[in-house]
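Working through the structure, step by step
Below are the chains, spelled out letter by letter.
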Amino acid sequence: MGQKTTRIGLVGYGQIGRAVHEMIDRDAGNGMEVVFVHDQVADAVKGVSSDLVLGDLSTFGERGADLVVEMAHPSVTQAWGAKILEQTNYMMISVTALADRGLEQTLEGASKQHGTRCYIPHGGAVGLDALYENRDVWEAVTVTMKKPPKNVDCTGAGVDADSITEERVLYEGPVRGACPMFPRNVNTMASIAYAGIGFDRTHAVLIVSPAWNTATVAVEARAPGLDLELSRVEGITGVTGASTPASIYNSVQTIASTGAGIHLR
Ligand SMILES: NC(=O)c1ccc[n+]([C@@H]2O[C@H](COP(=O)([O-])OP(=O)(O)OC[C@H]3O[C@@H](n4cnc5c(N)ncnc54)[C@H](O)[C@@H]3O)[C@@H](O)[C@H]2O)c1
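Parameters and conventions
Residues numbered from 1 in each chain as written. Predicted model: local features only at pLDDT ≥ 70, side-chain atom pairs only at ≥ 80, totals over all residues. Heavy atoms only, no water. Core = buried A, V, L, I, M, F, W, Y, C linked by side-chain atoms within 4.5 Å. Buried < 20%, exposed > 50% of the residue type's maximum accessible area, 1.4 Å probe, protein only. Helix = DSSP H or I, 4+ residues; strand = E, 2+ residues; numbered from the N terminus. Domains from an automatic or database assignment. Contact = heavy atoms within 4.5 Å. Disulfide = S-S within 2.5 Å. Near = heavy atom within 4 Å. Polar contact = N/O pair within 3.5 Å; in protein donor to acceptor, adjacent residues only side chain to side chain. Areas by Shrake-Rupley, 256 points an atom, 1.4 Å probe, with all protein chains shown as cover. Nonpolar A, V, L, I, M, F, W, Y, C, P; charged D, E, K, R; others polar. Pairing = 2+ DSSP bridges. Axes fitted to C-alpha atoms, helices over the stretch in contact; angles between N-to-C directions. Parallel < 35°, antiparallel > 145°, perpendicular 65-115°, else oblique. Left-handed = near helix turned anticlockwise from the far one by under 90°. Expected span 1.5 Å × (residues − 1). Arc of directions from axis to C-beta.

Phe36, Leu131, Leu170, Met189 and Ile192 are the most contacted members of the largest nonpolar core, which has 55 residues in total. At 5 residues, helix α6 (residues 187-195) tops the list of elements feeding residues into this core. Both domain 1 (6-122 + 244-256) and domain 2 (128-241) contribute no fewer than three residues apiece to this core. Among all residues touching isoleucine 192, those that are not within four sequence positions of it are Ala125, Leu128, Leu131, Val141, Val143, Thr202, Val217 and Val219. Formed by 23 residues, the second largest nonpolar core is a distinct cluster that contains Ile8, Leu52, Tyr249 and Val252.

Quick look at the structure:
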């Protein structure tokens, strides 16, 4: 039984974008095909076949993508999310964009009006299914991230990462407040908030220390008769944990693969 191939457009061709492209191409039987690659920096797509490079994102519709995957920056969803959803399905991995209530409503509205889907991958969050399945029962959710300061873009918080010489709490409060201050670093907090009790009720703690060389994400969710505790410690390069590229690819293939075989869902 032949299946339609899912046509995929990639926006953002950095660490994650390149890895996801490579993983899609690695398995010819997965029923997925990359139909364009876009990055705002021309150098980023050097080496990509010229027929795949999409210089002007406003022409994305000409490529007939069934799914566009943002792996760039939350500003892409602000500028393009609704326009993409007018024509096709969209996955946004820079989930901090959703802390903007107006943008969330715009995306929801465009999706419903045009019959398309907007996907949030679990990304760097472990155990998101357990949090999501019980989202109606949690009374409190706390997400704590620990990172080396050099891996945190502190620009939005007005902090010079190089000046941090000892353990320091950079943020403590609702996830909604952390997202505009650290838009490239707290995507995991944002997806945990979205899956659980929301951006205002999910408590966020972001701690940095130059003594650490790994990234830790820990989630605690409490409800009467139900406690959930999850954590992951991993290496980090730039703003991205070691397991995230494979996690994003897994979400893409869960949605888009039409290949034969046994599939875990
Ligand atoms: N959901 C998660 O759990 C999770 C985890 C890690 C990173 N992220 C996010 O994923 C994104 C990509 O991460 P990365 O490690 O690959 O980053 P990266 O810096 O290696 O690559 C990002 C690429 O996107 C491009 N880009 C940035 N803004 C753009 C724009 N407006 N239009 C087009 N291209 C643009 C950059 O030129 C760069 O090539 C970041 O926003 C990061 O915060 C999400």
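Having put the structure on the table, let's press on.
Another point: the state of the cysteines. Applying the stated criterion across every chain yields a total of 0 disulfides. Cysteine cysteine 118 shares no disulfide, and the gap to the nearest cysteine sulfur, in cysteine 179, comes to 15 Å. Here cysteine 118 falls in the partly exposed class, since its relative accessible area comes to 29%. Cysteine 154 forms no disulfide, and the closest cysteine sulfur to it belongs to cysteine 179, at a distance of 15 Å. On the basis of relative accessibility, which here comes to 3%, the residue cysteine 154 falls in the buried class.

With that out of the way, let us pick up the environment of glycine 173. Within the secondary structure layout, glycine 173 lies in strand β7 (residues 168-174). Once you skip the residues sitting within four places of it in the chain, glycine 173 turns out to touch Thr202, His203 and Ala204.

It is worth spelling out the site of the ligand at this point. As a matter of local geometry, the ligand sits amid 26 residues, with Asp39, Ile93, Ser94, Gly124 and Thr240 nearest to it. At 3.1 Å from a nitrogen atom of the ligand is found a main-chain nitrogen or oxygen belonging to glutamine 40. The backbone of glycine 124 places a nitrogen or oxygen atom 2.8 Å from an oxygen atom of the ligand. Summarising the interface, the protein chains cover 86% of the accessible area of the ligand, which totals 860 Å² for the free molecule. Along the lines of polarity and charge, the residues of the shell around the ligand split into 10 nonpolar, 14 polar and 2 charged. Taken domain by domain, the shell around the ligand gets at least three of its residues from each of domain 1 (6-122 + 244-256) and domain 2 (128-241).

The next point concerns the pairing of strand β9 (residues 214-223). Along any regular strand the residues' side chains alternate between the sheet's two faces. Sheet analysis places strand β6 (residues 140-147) next to β9, joined by 7 bridges and oriented antiparallel. Directly across from lysine 146, in β9, lies its bridge partner threonine 216. Bridge count for β9 against strand β10 (residues 226-237) is 10 bridges, and the pairing is antiparallel. The residue of β10 that forms the bridge with threonine 214 is glycine 235. In sequence, β9 turns back onto β10 through a hairpin of 2 residues, with glycine 225 there showing a positive phi of about 75°.

Moving on: the packing of helix α2 (residues 74-85) against helix α3 (residues 101-114). Following both chains from N to C, one finds α2 and α3 inclined at 15°, their axes separated by 8 Å at the closest point. What the angle tells us is that α2 and α3 run roughly parallel. The element α2 and its partner α3 pack so that their crossing is left-handed. Along the contact surface, α2 presents Thr77, Gln78, Gly81, Ala82 and Leu85, while α3 presents Leu103, Thr106, Leu107, Ala110, Ser111 and His114. Within the contact of α2 with α3, the residues separate by chemical class into 5 nonpolar, 6 polar and no charged.

Time to look at α2. One turn of the α-helix equals 3.6 residues, which is why residues spaced by three or four share an orientation. Between its first and last C-alpha atoms α2 spans 15 Å; for 12 residues at 1.5 Å apiece the expected length is 16 Å, and the two agree. All of the buried residues along α2 are Pro74, Val76, Thr77, Gly81, Ala82, Ile84 and Leu85. Projected down its long axis, α2 shows its buried positions confined to an angular sector of 165°, all on one face. Of the surrounding elements, those touching the buried residues of α2 are β1 (6-11), β3 (67-70), β4 (89-92), α3 and β5 (118-119).

Taken in spatial order, the 5 strands line up as β2-β1-β3-β4-β5 in an open sheet, and their pairing is parallel. What marks the edges here is a single partner per strand, and that holds for β2 (32-38) and β5. Sheet topology note: the β1/β2 ladder contains 6 bridges and is parallel. Considered in β2, the bridge of valine 11 is made with histidine 38. The sheet strands contacting helix α1 (residues 15-26) are β1 and β2, and the helix crosses β2 at an angle near 155°. In the packing of helix α8 (residues 244-256) onto the sheet, the strands contacted are β1, β2, β3, β4 and β5, and the crossing angle to β2 comes to about 125°.

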